[in-house]
Amino acid sequence: MNTYQYLNSRVIFERAAKVIPAGIYGHLGPAEGCFIPVEAYPFYAQRAQGAYFWDADGNRFIDYMCAYGPIVLGYNHPAVEAAARAQQEQMNCGVLPGEIMVQLAEKLVSLVDSADWAFFAKNGGDVTNLAVMTARAHTRRNKIIKFAGGYHGVSQWMQFIGNAGIIEEDVSSVITLPFNDAQAVEQAFKRYPGEIAAIIATPYHHPAMADNALPEPGFWPAVRGLCDREGALLIIDDVRAGFRLSLHGSDAYYGFKADLICFCKALGNGYNLSALCGRDAYKEAVSSVFYTGSYWLSAMPMAAALATLTELERIDGPGLMTRQGTKLTQGLAQAAQQHGYHLKITGEPSMWYMRLTDDDTGVLHQQWVSECVRRGVFFTNHHNLFINTAITDEDIAYTLEVAHDAFRALRGAGQKGSI
Ligand SMILES: Cc1ncc(COP(=O)(O)O)c(C=O)c1O
């Protein structure tokens with residue numbers, strides 16, 4: 001198989017480094033080390049369609065990062081684009097919201113088990129922050145429990161001492177506990193009686209750079225029971241998993257009910273929108289929080305989101321992504337085994353995490369991923385991957401061919417596995 005070159009990407013990056021902090025700032029940039037080894041990755045994309053994107057050099061990739069989650073139906077899905085265009089012709093950014101906002105809220109309330117209302121914003125962090133403020137407003141308490149490795153955005157309370165710009169007061173009300181440990185939650189409630197406003201958690205544990213973990217049986221019922229007993233809110237951060245496991249909310253998928261639930265990524269198939277949904281008991285509290293943004297009423301993303309949810313429902317998107325993800329991950333694990341390596345798959349099939357366990361340093365995994373990327377399969381090595389509904393059986397078959405070739409390249413470079 002031919003391997004890709006990224007000459008144009010590098011030329012653009014040199015220009016960018018002069019006028020944009022770090023060239024590409026944040027965790028999406030090469031400076032942060034997410035794309036390792038850096039030389040294996042393109043830096044700029046030109047266009048995208050369905051399951052693919054093309055980089056600035058015209059190389060085609062099957063995209064298993066799905067823009068870090070938002071692309072759930074494939075790029076430029078016709079029904080979503082048509083709905084967005086039709087809304088744009090009517091109105092997008094206006095002084096008043098359109099009726100589409102009410103239609104979308106009605107749709108979320110009818111689909112999501114723990115939603116009696118919906119409040120819209122732009123990014124995932126907008127709504128995780130709003131959820132925490134709402135819990136504090138409702139309970140008049142300060143402290144928040146979160147789980148180690150859980151990511152809820154970049155608000156100060158979410159960050160760590162040692163991160164640039166963060167001071168102790170930012171995080172002094174946050175208690176960090178291990179996921180799947182209901183006893184630790186119980187002890188925290190004992191230690192801080194009447195002080196804990198909420199627990200915020202992803203529905204299963206999907207940290208970066210670590211194996212993912214599903215909730216152990218009994219964990220969520222125990223946490224739900226403790227929140228009820230102690231008068232604290234249970235906030236589910238479904239920003240990443242939302243609508244990839246179930247259209248009824250990932251709390252419903254795992255058999256419990258959140259008080260507040262945060263959606264973003266898959267909600268608008270790439271149109272910028274997030275939603276905090278919740279139960280009636282918290283409608284007054286969320287209404288009392290001072291919270292707004294310049295583009296939060298924009299109507300186009302709302303029309304796109306309504307079309308996205310309607311299409312996901314029509315095709316049973318979560319079921320399809322689970323089946324395709326299962327096929328793909330089983331195939332990848334078998335390919336590894338055939339070449340003498342062990343590929344560990346964790347998390348949910350529609351957004352799995354994988355890691356070659358044959359060395360402890362992660363370098364071998366990085367090398368294998370980089371060989372896949374150079375052959376047109378866009379994986380990263382630090383983060384969970386994503387399926388979207390445009391990925392076909394042919395794409396999966398091609399991905400597996402690439403995976404085999406990438407393992408051959410590892411062997412050819414003298415990198416033996418442990419099997
Ligand atoms: C679980 C989770 N919560 C919150 C966020 C923050 O979302 P955003 O980057 O849109 O603010 C993310 C983003 O990756 C996420 O995965």
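Residues numbered from 1 in each chain as written. Predicted model: local features only at pLDDT ≥ 70, side-chain atom pairs only at ≥ 80, totals over all residues. Heavy atoms only, no water.

### So, the overall build of the protein
And step 1. A tally of regular secondary structure across the protein gives 13 helices and 13 strands.
And step 2. For the protein, the C-alpha radius of gyration of 22 Å lies close to 22 Å, the compact-globule estimate for 419 residues.
And step 3. Considered along the principal axes of its C-alpha atoms, the protein spans approximately 60 × 55 × 45 Å.
And step 4. Across the 419 residues that make up the protein, the buried fraction comes to 56%.
And step 5. Of the contacts formed within the protein by residues at least 6 apart in sequence, a portion of 74% connects residues at least 24 apart. (Helix = DSSP H or I, 4+ residues; strand = E, 2+ residues; numbered from the N terminus. Rg over C-alpha atoms; globule rule 2.2 N^0.38 Å. Buried < 20%, exposed > 50% of the residue type's maximum accessible area, 1.4 Å probe, protein only. Contact = heavy atoms within 4.5 Å.)

### Structural notes on unusual backbone geometry
And step 1. Of the consecutive residues I36 and P37, the connecting peptide bond is found in the cis state with omega at -10 degrees.
And step 2. Following the sequence through the fold, P37 ends up in the loop between helix 1 (7-19) and strand 1 (45-49).
And step 3. In the Ramachandran plot, A22 falls in the positive-phi region, its phi being about 65 degrees despite a non-glycine side chain.
And step 4. Tracing the sequence through the fold places A22 in the loop between helix 1 and strand 1.
And step 5. The phi dihedral of N76 falls on the positive side, at around 55 degrees, and the residue is not glycine.
And step 6. With respect to the secondary-structure elements, N76 resides in the loop between strand 3 (60-63) and helix 2 (78-90).

### Here's the deal with the pattern of salt bridges
And step 1. One pass over the full model with this rule turns up 15 salt bridges.
And step 2. E230 serves as the salt-bridge partner of R229, at 3.1 Å between the closest nitrogen and oxygen.
And step 3. Connected through salt bridges with shared partners, the residues E371, R374, R375, D405 and R408 form a single ionic network. (Salt bridge = Lys/Arg side-chain N within 4 Å of Asp/Glu carboxyl O.)

### Comments concerning the side chain of D358
And step 1. Within the secondary structure layout, D358 lies in the loop between strand 12 (351-356) and helix 12 (363-373).
And step 2. Salt bridges are absent for the buried D358, whose nearest opposite-charge side chain, R411, sits at 8.0 Å.
And step 3. There is a polar contact of 2.9 Å between the side chain of D358 and the backbone nitrogen of H342.
And step 4. Here the side chain of D358 touches S418 through a polar contact of 2.5 Å, side chain to side chain.
And step 5. Discounting residues that sit within four places of it in the chain, D358 has contacts with G340, Y341, H342, L364, G417, S418 and I419. (Lys, Arg positive; Asp, Glu negative; His and termini not counted. Polar contact = N/O pair within 3.5 Å; in protein donor to acceptor, adjacent residues only side chain to side chain.)

### Quick look at the nonpolar core
And step 1. If you look at the biggest cluster of nonpolar residues, it comprises 105 residues, and the most contacted ones within it are Y64, L108, W220, F243, L332, W368 and F379.
And step 2. It is helix 10 (residues 300-314) that provides the largest number of residues to this core, a total of 9 residues.
And step 3. Apart from the residues within four sequence positions on either side, W368 is in contact with L332, L343, M354, L356, F379, A403, A406, F407 and L410.
And step 4. In this structure, V127, M158, L260 and C264 belong to the second largest nonpolar core, which totals 27 residues. (Core = buried A, V, L, I, M, F, W, Y, C linked by side-chain atoms within 4.5 Å.)

### Some remarks on the packing of aromatic side chains
And step 1. Summed over the entire model, instances satisfying the criterion amount to 26 aromatic pairs.
And step 2. Their ring planes at 75 degrees and their centres at 5.5 Å tell us that Y41 and F378 sit as a pair that is edge-to-face. Of the two residues, Y41 sits in the loop between helix 1 and strand 1 while F378 sits in strand 13 (residues 377-378), which places them 337 residues apart along the sequence. Comparing Y41 with F378, the two get one shared label, buried.
And step 3. In this structure, R10 packs its charged tip against the face of F43, placed 4.0 Å from the ring centre.
And step 4. The residue whose ring lies beneath K143 is Y192, and the NZ or CZ to ring-centre distance is 5.0 Å. (Phe/Tyr/Trp six-rings, centres within 6.5 Å; stacked < 30°, edge-to-face > 60°. Lys NZ or Arg CZ within 6 Å of the ring centre and 35° of its normal.)

### Some points on the sheet that holds strand 8 (residues 233-237)
And step 1. Ordered in space as 4-10-9-8-7-5-6, the 7 strands form an open sheet in which the pairing is mixed. Each of the sheet's edge strands pairs with one partner strand only, and the pair in question is strand 4 (117-121) and strand 6 (174-177). Across the sheet, the mean angle separating the axes of adjacent strands is 20 degrees when strand polarity is ignored.
And step 2. Note: strand 9 (residues 260-263) against strand 10 (residues 274-278), 4 bridges, orientation antiparallel. Counted as the bridge partner of C262 is L276 from strand 10.
And step 3. Relative to the sheet, helix 3 (residues 99-111) contacts strand 4 and strand 10, its axis offset from that of strand 4 by approximately 125 degrees. (Pairing = 2+ DSSP bridges. Axes fitted to C-alpha atoms, helices over the stretch in contact; angles between N-to-C directions.)

### Some words on the environment of Q103
And step 1. Considering the arrangement of structural elements, one finds Q103 in helix 3.
And step 2. Sequence separation between Q103 and I12 is 91 residues, and the spatial gap between their C-alpha atoms is 42 Å.

### Observations regarding the site of the ligand
And step 1. As a structural note, the neighbourhood of the ligand is formed by N123, G124, G125, Y151, H152, G153, T202, H206, D237, V239, R240 and K265.
And step 2. Residue G124 places a main-chain N or O atom 2.7 Å away from an oxygen atom belonging to the ligand.
And step 3. Between Y151 and the ligand, the recorded distance is 3.2 Å, taken from a backbone N or O atom to a nitrogen atom.
And step 4. In isolation the ligand offers 390 Å² of accessible surface; the protein chains occlude 84% of this area. (Near = heavy atom within 4 Å. Areas by Shrake-Rupley, 256 points an atom, 1.4 Å probe, with all protein chains shown as cover.)

### Side note on the environment of A307
And step 1. Inspection of the secondary structure puts A307 in helix 10.
And step 2. Between the C-alpha atoms of A307 and T329, which are 22 residues apart in sequence, the distance is 29 Å.
And step 3. If near-sequence neighbours (up to four positions away) are discounted, A307 is found in contact with A79, V80 and A83.

### Quick notes on a nonpolar patch on the surface
And step 1. There is a patch of nonpolar side chains on the surface, built from V19, I20 and Y25 and spanning about 330 Å² of accessible area.
And step 2. Relative to the assigned elements, I20 resides in the loop between helix 1 and strand 1.
And step 3. A relative accessible area of 32% places I20 in the partly exposed class. (Patch = residues over 30% accessible without salt bridge, like charges linked within 9 Å, V, L, I, M, F, W, Y side chains within 5 Å.)

### Let's talk about the pairing of strand 12
And step 1. In terms of residue burial, strand 12 counts as a mostly covered element, since 5 of its 6 residues are buried.
And step 2. Where strand 11 (residues 343-348) and strand 12 come together, 6 bridges link them in antiparallel fashion. Each residue of the ladder has a partner; that of G347, found in strand 12, is W352.
And step 3. In this structure, the hairpin formed by strand 11 and strand 12 is closed by a connection of 2 residues.

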